[in-house]
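What follows is each chain in one-letter form.
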Amino acid sequence: MSKTQELLEKYADVALKIGVNLQEGQPLVIQAPVSAAEFARVIAKRAFAAGAGNVFVEYGDEAFGRIKTENAPKEALTYVSENYIKMMEEYQQMGASFLQIYSPNPDALAGVDPERVAIRTKANAAAMENFKNEMMKGGVSWNIISTPTQEWAQKVFPNSTVEEAVEKLWDAIFSTTRIYEEDPVEAWRVHGETLHQKLEYLNTKKYKKLHYRAPGTDLSIELPSGHKWVGGAVKNTKGLDYTPNIPTEEVFTLAKKDGVNGTVTSTMPLNYNGTTIENFSLTFKDGKAVEFTAGTGEETLKKMLEIDEGAAYLGEVALVPHDSPISNKNIIFYNTLFDENASCHLAVGAAYPICLEEGTTMSKDELAAAGVNYSLSHVDFMVGSNELDIDGETEDGQLEPVFRKGNWAF
Ligand code: ZN
Ligand code: ZN
């Protein structure tokens, strides 16, 4: 077996054993770009070898997506087949796990009318609303991993040839996902323990607010009572562990919907649906982003915040030390799966019900009453740097250091 083949199989095994934690007899759905077909086949073989009850693959093609977004009549932009929606929900009902290979070209939709992009994004999100909600509350196990594409690799390594860039990106992916370790699955178990120590500390402290200070940032975020910090492996509603993102370096919880005030400035570019938004700031008042500016992609940022009411409120609050394996590579990946795990980040849009005590059994109204934001959208953006300080405010109003100069203060 060639070296590369061996690494690909190890990568597939991490996605199957740590990512979705595939069970004997369980079906698996692979969602992959056509460019990742070869790796999707490796996953399928390893999944059957691990006892999968069935394996399905759903391919997508973002280059086709661009052609459609630019050229289709408006009514075609909003059409999603009922049969497709039913099929995806049927996979969920049969208890399948979902493994997504996420390898977007950061510039896939550069220059396309943001209005047309937004129409399609919203229609797709609305069609897949029930499917997405089930994932957000851990009703099914799911995992997202990435493989290089030529376009993505060249964006990350613009001074390399295509071949070199792809090779460098594979190397960056394998090293940040612990695939070079002797036993990557075991390395992930050990890493999970480390993350658990941090979240146990925060779950004991139960801070009622976090205060962020950095250049261009002065923000306070209220955390709802009953919030939980989670990270590494999380539990699905059947009580089985799964790890939604590979890699993952974050511990995260949710913000109280109406409890966010102040300004936050991004520290990395954000690739949002094929358009790059850079150097942006958001100002929140009673939870809502009421003002925003961006160096590039301001119109796209505006559309992103206007998808629905909840898209302008914070869902997720995530802590990642500046001194961490992905951050130390000093690579801007232009892929949120990697960039968000190199940096403290926030997300506008839906919060994860798994971050609230009893959240996964609450109705939509109960979640809203508890301060949990809801939206069709969930977009992470990076705010961490070596200049970020965060204080936690205790129930009796004491301030305690949580982050100093971008790293854990405890
Ligand atoms: Zn996150
Ligand atoms: Zn997120």
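Structure report, in brief. (Residues numbered from 1 in each chain as written. Chains lettered and ligands numbered in written order. Predicted model: local features only at pLDDT ≥ 70, side-chain atom pairs only at ≥ 80, totals over all residues. Heavy atoms only, no water.)

Considering the pairing of strand S18 (residues 389-393)
At step 1: Within S18, 5 of the 5 residues are buried, leaving the element largely enclosed by the surrounding structure.
At step 2: Burial along S18 is two-sided: the face carrying Asp389, Asp391 and Glu393 and the face carrying Ile390 and Gly392 are both buried.
At step 3: Counted between consecutive antiparallel strands, the loop separating S18 from strand S19 (residues 399-404) contains 5 residues, among which Gly397 sits at a positive phi close to 85 degrees. (Buried < 20%, exposed > 50% of the residue type's maximum accessible area, 1.4 Å probe, protein only. Helix = DSSP H or I, 4+ residues; strand = E, 2+ residues; numbered from the N terminus. Pairing = 2+ DSSP bridges.)

Focus: the pattern of salt bridges
At step 1: Tallying each qualifying case throughout the model produces 18 salt bridges.
At step 2: Lys303 serves as the salt-bridge partner of Glu299, at 3.4 Å between the closest nitrogen and oxygen. In this pair, Glu299 and Lys303 both sit in helix H11 (residues 298-305), 4 residues apart, roughly one turn of the helix.
At step 3: A cluster of three or more residues bridged by salt bridges with shared partners is formed by Glu9, Asp13 and Arg46. (Salt bridge = Lys/Arg side-chain N within 4 Å of Asp/Glu carboxyl O.)

Section: the nonpolar core
At step 1: If you look at the biggest cluster of nonpolar residues, it comprises 77 residues, and the most contacted ones within it are Leu28, Ile30, Phe39, Ile43, Phe98, Ile101 and Ile145.
At step 2: The element that contributes the greatest number of residues to this core is helix H1 (residues 3-19), accounting for 8 residues.
At step 3: A domain-level breakdown of this core finds at least three residues from each of domain 1 (3-176) and domain 2 (206-408).
At step 4: Every residue in contact with Ile145, bar those within four places of it in the chain, is listed here: Tyr11, Ala15, Phe39, Ile43, Leu99, Gln100, Ile101, Tyr102, Ile246 and Leu337.
At step 5: Within the second largest apolar cluster, 45 residues are counted, among which are Tyr212, Trp229, Phe280 and Leu319. (Core = buried A, V, L, I, M, F, W, Y, C linked by side-chain atoms within 4.5 Å. Domains from an automatic or database assignment. Contact = heavy atoms within 4.5 Å.)

Considerations on the coordination of the zinc ion (ligand 2)
At step 1: Here the zinc ion (ligand 2) is held by the protein donor atoms Glu316 (OE), His378 (NE2), Asp380 (OD) and Asp380 (OD), which lie 2.1 to 2.5 Å from it.
At step 2: Geometry at the zinc ion (ligand 2) is irregular, judged from the 4 donor atoms that bind it and their angles of 56 to 146 degrees at the metal.
At step 3: Along the chain, the residues donating to the zinc ion (ligand 2) fall in the pattern E-x61-H-x1-D.
At step 4: In this structure the zinc ion (ligand 1) is found 3.6 Å away from the zinc ion (ligand 2), and Glu316 serves as a bridging donor for the pair. (Donors = N, O, S within 2.8 Å, 3.2 Å for Na, K, Ca; no water. Tetrahedral: all angles 85-135°; square planar, octahedral: opposite > 155°, others 65-115°.)

Some details on the layout of surface pockets
At step 1: If you add up the space inside the second largest pocket, you get close to 670 Å³.
At step 2: If you trace the second largest pocket, you find 34 residues lining it, with His196, Ala233, Val234, Lys235 and Asp241 closest to the centre.
At step 3: Elements supplying a minimum of two residues to the lining of the second largest pocket: H1, helix H10 (184-205), strand S7 (230-231), strand S8 (234-235) and strand S9 (241-242).
At step 4: It is H10 that contributes the most residues to the lining of the second largest pocket, 8 residues altogether.
At step 5: Partitioning the lining of the second largest pocket into residue classes produces 11 nonpolar, 14 polar and 9 charged.
At step 6: Looking at which domains feed residues into the lining of the second largest pocket, each of domain 1 (3-176) and domain 2 (206-408) supplies at least three. (1 Å grid on protein atoms, 1.4 Å probe; cavity = no way out; pocket = protein on both sides within 12 Å on 5 of 7 lines; lining within 4 Å. Points joined across faces, edges and corners; volume = space filled by probe spheres on them. Nonpolar A, V, L, I, M, F, W, Y, C, P; charged D, E, K, R; others polar.)

Some remarks on the packing of helix H6 (residues 114-127) against H11
At step 1: Packing of H6 against H11 leaves a shortest axis separation of 10 Å and a crossing angle of 25 degrees. Here H6 lies roughly parallel to H11, going by the angle between them. When you trace H6 past H11, the crossing you get is right-handed. Judged by residue contacts, Pro114, Glu115 and Ala118 of H6 engage Glu299, Thr300 and Lys303 from H11.
At step 2: Taken together, the residues that form the contact of H6 with H11 break down as 2 nonpolar, 1 polar and 3 charged. (Axes fitted to C-alpha atoms, helices over the stretch in contact; angles between N-to-C directions. Parallel < 35°, antiparallel > 145°, perpendicular 65-115°, else oblique. Left-handed = near helix turned anticlockwise from the far one by under 90°.)

Remarks on the state of the cysteines
At step 1: Applying the stated criterion to the full structure yields 0 disulfides.
At step 2: Cysteine Cys344 is unpaired, with the sulfur of Cys355 as its nearest cysteine sulfur at 15 Å.
At step 3: Assessed through its relative accessible area of 2%, Cys344 is described here as buried.
At step 4: Judged by its relative accessible area of 0%, Cys355 falls in the buried class. (Disulfide = S-S within 2.5 Å.)

A few points about the coordination of the zinc ion (ligand 1)
At step 1: Bound to the zinc ion (ligand 1) on the protein side are Glu250 (OE), Glu316 (OE) and His345 (NE2), at distances that span 1.9 to 2.2 Å.
At step 2: Within one chain, the residues donating to the zinc ion (ligand 1) are spaced in sequence as E-x65-E-x28-H.
At step 3: Exposure remark for Glu316: the relative accessible area of 3% places this residue in the buried category.

Examining empty space enclosed by the protein
At step 1: Under the counting rule described, the total for this entry stands at 1 cavity of 30 Å³ or more.
At step 2: What the largest cavity holds in volume is close to 30 Å³.
At step 3: Together, Gln31, Phe98, Gln100, Met135, Trp142, Asn143 and Ile144 line the largest cavity.
At step 4: Those elements that provide at least two residues to the lining of the largest cavity are strand S3 (97-101) and strand S4 (142-145).

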